[in-house]
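# Structural overview
Given next are the chains, with one letter for each unit.
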Amino acid sequence: MSKRLKGLVWLSSLLVIAGAAVLIVISIVVTDEHPLSTLSPVGRHGREIADLINPIFIVAGVVFFLVQGAVLALWWRYRVAGSDTGGGEHGYYEDDEFPEQVHGNNRLEIAWTLIPTALLAVISVFTLVVLFALDDVEASDDDMVVTVIGQQWWWEYQYHLDGDTTTPPDFVTANELVIPVGVDVPLDIKSRDVIHSFWIPKLNGKKDAVPGRSHDWVIQAEEPGRFRGQCTEFCGLSHGYMKMVAIALPPGEFTQWRDNQITAASAPAEGTAAAAGWEVFSQQCASCHVVNGLTTPVNRGGESDTPDGWDIYGEFNGANAGTYLAVDTLVAGAAPNLTHLMTRSTFAGSIYDLYLGAGEHVEYLELAEAATLNRGDLEAWIANAPERKPADANGLRGMPARAGLSPEDIDNVVAFLSTLK
Ligand code: HEC
Ligand SMILES: [Cu+2]
């Protein structure tokens, strides 16, 4: 094989490999099943981001191929081909031969300074416009606002249906942010401990949750659906397990969901497994977990004159409003409100499905009635959560292991939790 042919074979295999790599990356990023993709937006703010990225990607692609093409062409044109191929007259060089050496070219240098500068200037204008538009909210002052509180390693959502975040929320839930379709939902993003970052890529960009600060943000979904998210600011041991889901429901279903979330739980009927479970829960779990209507501030060891103990969610004024706890017996600092645990499709920072095969086949509002509980993961979690999701060794973060629970206790606790619909 001549050297020239060898070179060609080499070059074309390189191109095939590079092309395949690009195709693989594109197919991973673009496919619909990919849950954390910015490139398949479903919300109006997500769309603004995609509409910015796509043209820039095309321009960048053109520049990439021009520059890489020039590199390859120069490499080919000025390659050293060895003495047996005939040398310079074919347009390439022998081992001891050099092309003419030049120094400096004003025209070229001005061109490759000005063109990128102009390109980047244009891109930056469009970028800034989109950046400032991302927290634009179409909502009035008395529309619903959700306070989002990042904490190690899960998300709390406090719903303020009247839009007033200086008063206690109407209800509190965890990890699954339920919103009505087509409506801008203003978010008030905070942290209870370290810096986290809230990100539901199909609906909007990222927003940091910073202790002592309150960041405005907004999400909107154009279609009903289930959109995955992930904490994107490294926040310690279980950062990778700090996920969340946004659920967009048609307005009627959202109202139904909301009206249910507002209701308090009632005590299970006496003599049932659930009642036995409530006994265990009130001793082993209620020091951290609130179940509105059942865990009174008394059995959490604190004092309160607000009926559902909203004071544990903070005093609702100032920057840290709603993010600290008045009850100092909470080892974990705070824990998910479990009043309507069974209406969620995931738990523990959305790393486990609460129901088997849910999400695909069962309507969100029918989960508690129609889907099969994922008993295995739930029981394992209750018995030894740190084994499932690493938590701080000194027990100040996350849910502690409950080693004292017998299998019967756990069965009963699950029976109790199953009543929290
Ligand atoms: C020391 C405080 C503390 C105690 C006591 C405690 N938990 Fe937890 N629990 C937490 C924290 C914190 C989380 C969130 C952990 C995470 O997702 O990383 C949690 C999460 C949960 C979850 C998942 C909720 C969700 O929506 O993601 C369930 C269910 C749960 N705990 C049940 C129990 C039960 C049952 C008991 C008693 C047997 C109990 N917990 C005792 C702190 C506690
Ligand atoms: Cu985090």
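One can find the structure itself at the top, above this paragraph.
Residues numbered from 1 in each chain as written. Chains lettered and ligands numbered in written order. Predicted model: local features only at pLDDT ≥ 70, side-chain atom pairs only at ≥ 80, totals over all residues. Heavy atoms only, no water.

With that settled, the discussion passes to the coordination of the iron atom of ligand 1. Within the protein, His 289 (NE2) and Met 399 (SD) serve as the donor atoms for the iron atom of ligand 1, at 1.9 to 2.1 Å. If you look at the iron atom of ligand 1, its six donor atoms make angles of 85 to 178 degrees with each other, and the shape they trace is octahedral. Separated by 110 residues along the polypeptide, His 289 in the loop between helix H5 (273–284) and strand S11 (346–347) and Met 399 in the loop between helix H8 (385–388) and helix H9 (407–417) bring together distant segments of the chain. Here His 289 falls in the buried class, since its relative accessible area comes to 11%. (Donors = N, O, S within 2.8 Å, 3.2 Å for Na, K, Ca; no water. Tetrahedral: all angles 85-135°; square planar, octahedral: opposite > 155°, others 65-115°. Helix = DSSP H or I, 4+ residues; strand = E, 2+ residues; numbered from the N terminus. Buried < 20%, exposed > 50% of the residue type's maximum accessible area, 1.4 Å probe, protein only.)

Attention now goes to the coordination of the copper ion (ligand 2). Looking at the copper ion (ligand 2), one finds its protein donor set to be His 196 (ND1), Cys 231 (SG), Cys 235 (SG) and Met 242 (SD), positioned 2.0 to 2.6 Å from the metal centre. Taken together, the four donor atoms coordinating the copper ion (ligand 2) span angles of 92 to 124 degrees at the metal, a pattern that classifies the geometry as tetrahedral. Counting along the primary sequence, the residues that act as donors to the copper ion (ligand 2) give the motif H-x34-C-x3-C-x6-M. One end of the pair, His 196, is in strand S6 (residues 196–198); the other, Cys 231, is in the loop between strand S9 (225–230) and strand S10 (243–249), with 35 residues separating them in the sequence. Accessibility expressed as a relative area gives 1% for Cys 231, which makes it buried.

With that settled, the discussion passes to a negative patch on the surface. A contiguous patch of negative charge on the surface is contributed by Asp 141, Asp 142, Asp 143, Asp 162 and Asp 170. Considering the arrangement of structural elements, one finds Asp 170 in the loop between strand S2 (154–160) and strand S3 (171–174). (Patch = residues over 30% accessible without salt bridge, like charges linked within 9 Å, V, L, I, M, F, W, Y side chains within 5 Å. Areas by Shrake-Rupley, 256 points an atom, 1.4 Å probe, with all protein chains shown as cover. Salt bridge = Lys/Arg side-chain N within 4 Å of Asp/Glu carboxyl O. Lys, Arg positive; Asp, Glu negative; His and termini not counted. Charge placed at Lys NZ, Arg CZ, Asp CG, Glu CD.)

Around ligand 1, the surrounding shell holds 28 residues, and the nearest of these are Cys 285, Cys 288, His 289, Arg 344 and Met 399. Contacts to ligand 1 include His 289, whose side-chain N or O atom sits 2.7 Å from a nitrogen atom. A distance of 2.8 Å separates an oxygen atom of ligand 1 from a polar atom in the side chain of Lys 389. When its residues are assigned to classes, the shell around ligand 1 shows 19 nonpolar, six polar and three charged. (Near = heavy atom within 4 Å. Polar contact = N/O pair within 3.5 Å; in protein donor to acceptor, adjacent residues only side chain to side chain. Nonpolar A, V, L, I, M, F, W, Y, C, P; charged D, E, K, R; others polar.)

Turning next to the packing of aromatic side chains. Counting across every chain of the model gives 12 aromatic pairs. A cation sits over an aromatic face here: Lys 206 above Trp 199, 4.7 Å from the ring centre. (Phe/Tyr/Trp six-rings, centres within 6.5 Å; stacked < 30°, edge-to-face > 60°. Lys NZ or Arg CZ within 6 Å of the ring centre and 35° of its normal.)

What follows is about the pairing of strand S4 (residues 176–180). Burial runs high along S4: five of the five residues are buried. The alternating pattern of S4 places Glu 176, Val 178 and Pro 180 on one face and Leu 177 and Ile 179 on the opposite face, and all of these are buried. Pairing analysis gives five bridges linking S4 to S10, with the strands arranged parallel. Directly across from Val 178, in S10, lies its bridge partner Ile 247. (Pairing = 2+ DSSP bridges.)

Another aspect to go through is the packing of H5 against H9. Close contact between H5 and H9 brings their axes to 7 Å; oriented N to C, the two are set at 105 degrees. Accordingly, the angle class assigned to the pair H5 and H9 is roughly perpendicular. Contacts between H5 and H9 involve Ala 273, Ala 274, Ala 276, Gly 277, Trp 278, Val 280 and Phe 281 from the first element and Asp 409, Asn 412, Val 413, Ala 415, Phe 416 and Leu 417 from the second. Here the contact of H5 with H9 is built from residues that sort into 10 nonpolar, two polar and one charged. (Axes fitted to C-alpha atoms, helices over the stretch in contact; angles between N-to-C directions. Parallel < 35°, antiparallel > 145°, perpendicular 65-115°, else oblique. Contact = heavy atoms within 4.5 Å.)

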